[in-house]
Amino acid sequence: MAAKRYFRQQIPAVHPSRFLLLLLVLFSSPLWAQKTATVSGIVVDEQDRRLPSVSVLILGQQAGIVTNDSGYFSLRVPANRAFALVFSYNGYKTYQQNFLLNADEKEQVTVQLERGSTELTTVIIQDQRERSEVGLIRPNPKNVLNLPSPVSGVESMIKVIVGSNNELTSQYNVRGGSYDENLIYVNDFEIFRPYLVRSGQQEGLSFINPSLVRNISFYNGGFAARYGDKMSSVLDIQYNKPRRFGGSAYVGLLEQGAHVEGSNRKNTFSYLVGIRNRSNRNLLQSQETQGAYTPSSSDLQALLSWQLTPKWSAELLANYSQTKFTLVPSFSQLTSSVFSPLYTANLGVDIFFEGREKDQYFTRMLGVSTTYMPRQNLRLKFLASRFENEEWEERDISGAYLFGDRDFDANSATFGLIINPLGAGISQDFARNRLRISNYNFSHKGTLDAAGSQWQWGLGFDRTHIDDRLREWQYQDSAGYSLPYSATALTLNQSLRGNALLDINKISGYLQNNRVFRRGRTTWTLQAGVRANYNDLNDELLVSPRIGTSWKPSWKRDIVFRAAAGAYHQPPFYRELRRYDGTLNTSLKAQRSWQAVAGLDYNFIGLKRPLRLTVEGYYKALSNVVPYDIDNVRVSYFGENAAKAYAAGLEMRLFGELVKDAESWLSVGIMRTREDITGDRYNVYTLDSLKRPIDTIEVEGGWLRRPTDRFLTVGLFFQDYLATNKNFKVYLNLLYGSNLPYNIPGSVKYRNALTIPSYIRADIGFSALLLDGDKAKRRSHSPFRNFENIWASLEVFNLIDRANTISYLLIKDFSNTTYTMPNRLTPRLLNFKIIARW
């Protein structure tokens with residue numbers, strides 16, 4: 001049989017330095033030199049009495065001035081462009097006046113303020129834990145709904161921070177880890193995801209409803225012992241506790257939702273209820289595989305809170321969600337180009353389908369917690385929850401394909417057709433899979449403030465029931481021969497069949513101490529703790545010590561140094577247990593990881609505005625690793641502790657309000673992650689002039705790129721508004737990620753030898769205020785009299801219309817040469833939505 005040759009698509013890549021230069025230009029635009037003018041005048045009230053100490057500032061800037069005792073002000077302003085001055089005074093309505101002045105022009109004005117209920121904005125003192133704890137990032141929840149992204153939610157904002165290569169999924173990789181290495185908590189309840197999802201097209205709504213979120217705490221490494229037993233990250237979400245009636249509703253082309261909140265008069269009971277519905281039909285109709293897409297996802301979520309007594313409180317969190325995905329494919333047309341010194345061609349494959357795919361995912365969750373505070377310094381919390389995933393996957397699709405050179409001559413009668421066939425065949429993909437996972441949790445968490453330190457502890461019991469039935473096979477035919485070829489039997493390319501019925505009991509606990517030391521203006525913090533975890537599946541006890549510290553020296557510069565180290569061991573769960581052949585390895589041991597992180601947090605003035613820079617370097621040493629491959633969003637594990645690995649990198653983030661009240665940030669990360677798989681040996685042959693083997697050498701694969709090995713990631717979230725009107729805003733979301741490896745199935749020598757090109761994506765959104773919060777101007781019979789505001793948004797997804805690649809389809813020609821045809825993600829798409837709050 002002829003030797004296999006692998007060709008990959010060559011796409012001109014954007015050089016990282018040029019991409020970073022573009023981002024630098026975006027951030028440094030306020031530095032451009034500009035001429036100035038002067039605006040001066042007086043500020044008076046309705047009786048023409050002069051008002052002292054009135055705040056006067058340029059719209060979008062942090063600094064400003066105040067009027068003197070005579071109500072007089074004088075301010076230098078930019079010339080030759082439109083701007084606005086904002087006048088605000090406690091007890092009076094805010095007033096805005098627009099200007100357009102020539103260079104060195106002097107303008108005198110008299111501003112009259114009207115009495116009203118508007119007051120100056122209250123200054124909020126932020127939690128300093130964000131600066132002292134390693135890896136902690138706390139995005140503003142208000143930015144979540146403003147972020148232009150095909151999949152809205154908290155996770156989309158997290159992907160701007162850590163990087164992404166798939167806009168259709170809410171899953172993310174952190175510092176070289178897989179999707180299954182991330183912890184998610186909502187009000188201290190652990191959240192689980194569906195497991196059978198193969199592609200982002202099939203995903204539904206994330207569990208987290210962004211309309212209900214109050215606080216977001218994201219740890220991308222080095223997290224403390226109080227968090228669970230996974231190796232990469234923690235996303236800790238706290239929902240709102242409303243004190244008055246309110247709500248919101250939004251309607252878009254992709255998603256619709258609403259929520260209501262409120263409390264009783266004594267604030268002893270509060271409720272928070274949200275409902276959402278999403279359909280990706282408009283998003284998927286532009287995919288390369290044409291057909292009838294019927295995706296739908298909806299959920300209902302509620303948080304009820306009671307203050308039973310001054311010392312006792314209780315919460316109930318409930319969720320029900322369902323996702324259905326139906327696809328009746330008809331036709332797919334893929335195209336790639338091959339460039340080499342000896343061979344250049346435009347290759348294409350046309351696939352005609354018959355059959356249907358139908359997937360369903362149901363999630364039900366109920367959690368109850370009660371908190372007892374016998375003393376002011378002691379907090380005891382008790383939790384009980386049940387989480388259930390029920391998933392069905394039904395697929396029976398056959399396809400006939402023709403592969404070869406495609407004609408791209410627009411003047412030819414065969415334009416767009418295969419003119420030089422290189423291969424033809426049929427395939428059939430069949431699956432009848434069902435998975436039920438239910439998890440019961442009973443836990444206790446406590447906090448004690450005593451003797452200048454804080455003690456935290458926890459104890460939990462989990463019982464997990466897994467009922468899995470796997471039935472799937474794949475038949476491939478090339479030129480009339482089934483693959484792999486057998487002269488005596490009809491063979492399947494892949495066949496998986498298995499049943500699993502597992503009950504897993506797990507006990508876990510932790511003890512942690514937090515201390516703060518101060519000497520003059522110098523501050524040290526110390527977190528030291530240990531976790532323990534035992535499960536009866538493999539009868540393994542894990543002990544994970546962890547320590548974190550920070551130091552703020554008494555320097556003039558506001559800088560904090562921080563570091564953390566510890567063990568992060570991850571016991572196996574459902575996906576890690578299953579081998580490629582469908583069998584389960586119930587004796588699989590936990591993957592073990594020792595990690596070290598060090599960095600700094602620096603507050604400074606730049607671009608005439610307060611900015612914050614964080615830098616962290618990290619190293620992870622992993623053993624007992626279970627190797628895996630990623631195809632779209634499906635993670636397939638070897639099911640064996642067959643490797644050792646490492647990940648090392650450096651991350652930098654810059655936060656700031658380039659315009660007032662509009663936070664933006666830039667995130668840059670570099671990383672390398674490698675693995676060494678035990679027993680990955682292959683033979684290298686020496687051939688004679690007639691291509692016959694005359695000698696062979698056995699070679700070990702050694703250190704190879706892991707599936708998440710991405711050297712450079714860049715994320716940018718930028719907000720701005722018109723210089724003369726804060727009610728017209730723009731939001732920009734940029735993502736760049738360098739290439740990723742892609743595995744050739746069944747190959748030891750060419751493991752992860754293919755390359756997925758760089759991921760480049762830009763999404764932009766424009767928002768306009770249709771109704772402001774000034775209710776005094778509304779008529780008593782107006783249907784909008786109780787609304788706080790109404791916004792309209794227009795979003796452009798994939799602004800540059802880049803055809804990003806998520807995976808490859810491998811095609812063989814008549815000579816057994818294998819070619820790769822890229823599977824693309826979404827093209828440019830428009831979305832419109834209206835958001836109302838009351």
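Every chain is numbered on its own, with residues counted from 1 as its sequence reads. For this predicted model, a pLDDT threshold of at least 70 governs which residues receive local features, and a threshold of 80 or more governs which side-chain atom pairs are given and counted, while totals over whole chains, interfaces and linings are taken from all residues. Side-chain measures here rest on the full set of heavy atoms in the structure, leaving out hydrogens and waters.

## Section: the overall build of the protein
- Each helix is a run of DSSP H or I of at least 4 residues and each strand a run of E of at least 2, with the numbering of both proceeding from the N terminus. Scanning the protein from N- to C-terminus turns up five helices and 45 strands.
- Each radius of gyration reported is based on C-alpha atoms, and the globular scaling rule is 2.2 Å times the count of residues to the power 0.38. In terms of overall size, the protein behaves like a compact globule, its C-alpha atoms giving a radius of gyration of 30 Å where 838 residues would be expected to give roughly 28 Å.
- Three labels apply to residues, based on accessible area from a 1.4 Å probe with only protein chains included: buried if under 20% of the type maximum, exposed if over 50%, partly exposed otherwise in between. Within the protein, buried positions represent 52% of all 838 residues.
- The long-range share in the protein, meaning contacts at least 24 apart out of those at least 6 apart in sequence, stands at 67%.
- For the protein, the exposed surface amounts to about 38600 Å²; the carbon and sulfur share of it is 55%.
- His is not counted, nor are the chain ends, whereas Lys and Arg count as positive and Asp and Glu as negative. Charge positions come from single atoms, namely NZ of Lys, CZ of Arg, CG of Asp or CD of Glu. Distance between charge centroids for the protein: 6 Å, based on 98 positive and 78 negative side chains. Two residues qualify as a contact provided that any one of their heavy atoms is within 4.5 Å of a heavy atom in the partner residue. Only the protein chains shown count as cover for residues, with accessible areas throughout obtained via the Shrake-Rupley method and a probe of 1.4 Å.

## Side note on the sheet that holds strand β5 (residues 72-78)
- When DSSP finds at least two bridges between two strands, those strands are taken to pair. An order of β5-β2-β8 is seen for the three strands of this open sheet, with the pairing classed as mixed. The sheet is open, and its two borders are formed by β5 and β8 (106-112), each paired with just one other strand. Direction aside, neighbouring strands of the sheet carry axes that sit 25 degrees apart on average.
- With seven bridges joining them, strand β2 (residues 36-44) and β5 adopt antiparallel strand pairing. Paired with Ala37 across the bridge in β5 is Val77. Inter-axis angles, ranging from 0 to 180 degrees, are taken between N-to-C directions of lines fitted to C-alpha atoms, where helices are fitted over the stretch in contact.

## Structural notes on the packing of aromatic side chains
- For this analysis, a ring pair means two rings from Phe, Tyr or Trp (six-membered ring only for Trp) whose centres lie within 6.5 Å, classed as stacked if their planes differ by under 30 degrees, edge-to-face if by over 60, and tilted for the remaining angles. Under the criterion given, the structure shown has 30 aromatic pairs.
- Plain terms: the ring middles of Phe192 and Phe387 are 5.4 Å apart, the flat faces sit at 65 degrees to each other, and that makes the pair edge-to-face. Separated by 195 residues along the polypeptide, Phe192 in the loop between β11 (189-190) and β12 (213-219) and Phe387 in strand β20 (residues 378-406) bring together distant segments of the chain. Neither residue differs from the other here; Phe192 and Phe387 are each classed as buried.
- Between the aromatic rings of Trp551 and Phe561, the centroid separation amounts to 5.6 Å while the plane-to-plane angle is 25 degrees, which identifies the pairing as stacked. Separated by ten residues along the polypeptide, Trp551 in strand β26 (residues 540-552) and Phe561 in strand β27 (residues 558-567) bring together distant segments of the chain.
- Three or more aromatic residues joined by ring pairs make a cluster, and in this case those are Phe192, Phe207, Phe387 and Phe573.
- Residue placement shows Arg612 over the ring face of Phe655; its charged tip is 5.2 Å from the ring centre. Two thresholds decide whether a charge sits over a ring: the Lys NZ or Arg CZ must be within 6 Å of the ring centre and within 35 degrees of the ring normal.

## Observations concerning the pairing of strand β30 (residues 628-631)
- Bridge count between β30 and strand β31 (residues 634-637): four bridges; the pairing is antiparallel. Bridging across to β31, Asp629 finds its partner in Ser636.
- With antiparallel pairing between neighbouring strands as the criterion, β30 and β31 make up a hairpin whose turn holds two residues, including Asn632 at a positive phi of roughly 65 degrees.

## Brief notes about helix α3 (residues 154-162)
- Among the nine residues in α3, nine count as buried, and that is most of the element.
- Within the sequence span of α3, burial applies to Val154, Glu155, Ser156, Met157, Ile158, Lys159, Val160, Ile161 and Val162.
- At the C-terminal side of α3, Gly163 shows a positive phi close to 100 degrees.

## Notes on the nonpolar core
- Grouped together as the largest cluster of nonpolar side chains are 55 residues, with contacts concentrated most on Val154, Ile208, Leu235, Ile237 and Tyr239.
- If you tally residues by element for this core, the top one is α3, at six residues. What we call a nonpolar core is a set of buried Ala, Val, Leu, Ile, Met, Phe, Trp, Tyr and Cys residues that are connected through their side-chain atoms within 4.5 Å.

## Overview of empty space enclosed by the protein
- Grid points spaced at 1 Å and placed over the protein atoms alone form the basis of the search, with a cavity being a set where a 1.4 Å probe fits but cannot get out and a pocket an open set showing protein on both sides within 12 Å along at least five of seven lines. Lining residues have an atom within 4 Å of a point. Grid points are joined across faces, edges and corners, and a volume is the space filled by probe spheres set on the points. Scanning the model with the defined rule gives nine cavities of 30 Å³ or more in all.
- Considered as a void within the structure, the largest cavity measures approximately 950 Å³ in volume.
- The wall of the largest cavity is formed by 50 residues, among which Leu183, Glu190, Phe192, Lys230 and Lys506 lie closest to the centre.
- Mapped by element, the contributors of at least two residues to the lining of the largest cavity are β10 (182-186), β11, β20, β21 (418-450), β22 (453-478), β24 (494-519), β25 (522-535) and α5 (574-577).

## Examining the pattern of salt bridges
- Salt bridge, as used here, is a side-chain nitrogen of Lys or Arg placed within 4 Å of a carboxyl oxygen of Asp or Glu. One pass over the full model with this rule turns up 41 salt bridges.
- Notably, a salt bridge pairs Arg761 with Glu167, separated by 3.3 Å at the nearest N-O pair. Here Arg761, found in strand β41 (residues 759-771), pairs with Glu167, found in the loop between α3 and β10; they are 594 residues apart in sequence, far enough to count as distant. Residue Arg761 shares its accessibility class with Glu167, and that shared class is buried.
- Between Asp429 and Arg395 there is a salt bridge, with its nearest N and O atoms 3.1 Å apart. Pair noted here: Asp429 is in strand β21 and Arg395 is in strand β20, with a separation of 34 residues, a long-range link.
- Here Asp429 falls in the partly exposed class, since its relative accessible area comes to 23%.
- With relative accessibility at 5%, the residue Arg395 sits in the buried group.
- One network of salt bridges, in which partners are shared, links Arg131, Arg175, Lys552, Asp558, Arg562, Asp601, Arg612, Glu616, Glu651 and Arg653.

## A short note on the pairing of strand β7 (residues 95-99)
- Taken together, the five bridges between strand β6 (residues 83-88) and β7 define a ladder with antiparallel strand orientation. Residue pairing in the sheet places Phe83 in a bridge with Phe99 of β7.
- Taking the residues that link successive antiparallel strands as the turn, the β6-β7 hairpin has six residues, and the phi of Gly91 there is positive, at about 90 degrees.

## Structural notes on unusual backbone geometry
- For Asp48, which is not glycine, the phi torsion reads 60 degrees and is therefore positive.
- Along the polypeptide, Asp48 turns up in the loop between β2 and β3 (55-58).
- Positive phi, close to 55 degrees, is recorded for Asn752, a residue that is not glycine.
- Relative to the helices and strands, Asn752 is located in the loop between β39 (740-742) and β40 (754-756).
- What makes Asn752 buried here is its relative accessible area of 8%.

## Focus on a nonpolar patch on the surface
- There is a patch of nonpolar side chains on the surface, built from Leu253, Phe766, Leu770, Leu794, Leu830, Phe832 and Ile834 and spanning about 640 Å² of accessible area.
- Residue assignment for the nonpolar patch shows that the elements contributing at least two residues are β41 and β45 (829-837).
- The biggest single contributor to the nonpolar patch is β45, with three residues.
- Residue placement: Leu794 occurs in strand β42 (residues 789-797).
- Taking relative accessible area as the criterion, Leu794 reaches 38% and is therefore assigned partly exposed. What goes into a patch is any residue over 30% in relative accessible area without a salt bridge, connected to like charges within 9 Å or, for nonpolar side chains (Val, Leu, Ile, Met, Phe, Trp, Tyr), within 5 Å.

## Regarding the sheet that holds strand β13 (residues 233-239)
- Sheet architecture is open: five strands sit in the order β9-β12-β13-β10-β11, paired in mixed fashion. Unpaired on one side and paired on the other, β9 (136-137) and β11 mark the two borders of the sheet.
- Two elements, β10 and β13, share five bridges in a ladder whose sense is parallel. Across the sheet, the residue bridging to Ile184 is Leu235, located in β13.

## Some remarks on a positive patch on the surface
- There is a patch of like positive charges on the surface, built from Lys324, Arg356, Lys358 and Arg432.
- Looking at the element boundaries, Arg432 is found in strand β21.

## Quick word on the confidence of the model for the protein
- Overall, the predicted model of the protein reaches an average pLDDT of 86, with 91% of residues at or above 70.
- Note on scores: pLDDT gives the predictor's confidence for each residue, bounded by 0 and 100. Overall, residues 1-33 carries pLDDT values under 50, and its contacts beyond four positions in sequence, including any with other chains, amount to 57 contacts.
- Below pLDDT 50 for its whole length, residues 118-127 participates in ten contacts with residues either more than four positions away or in separate chains.

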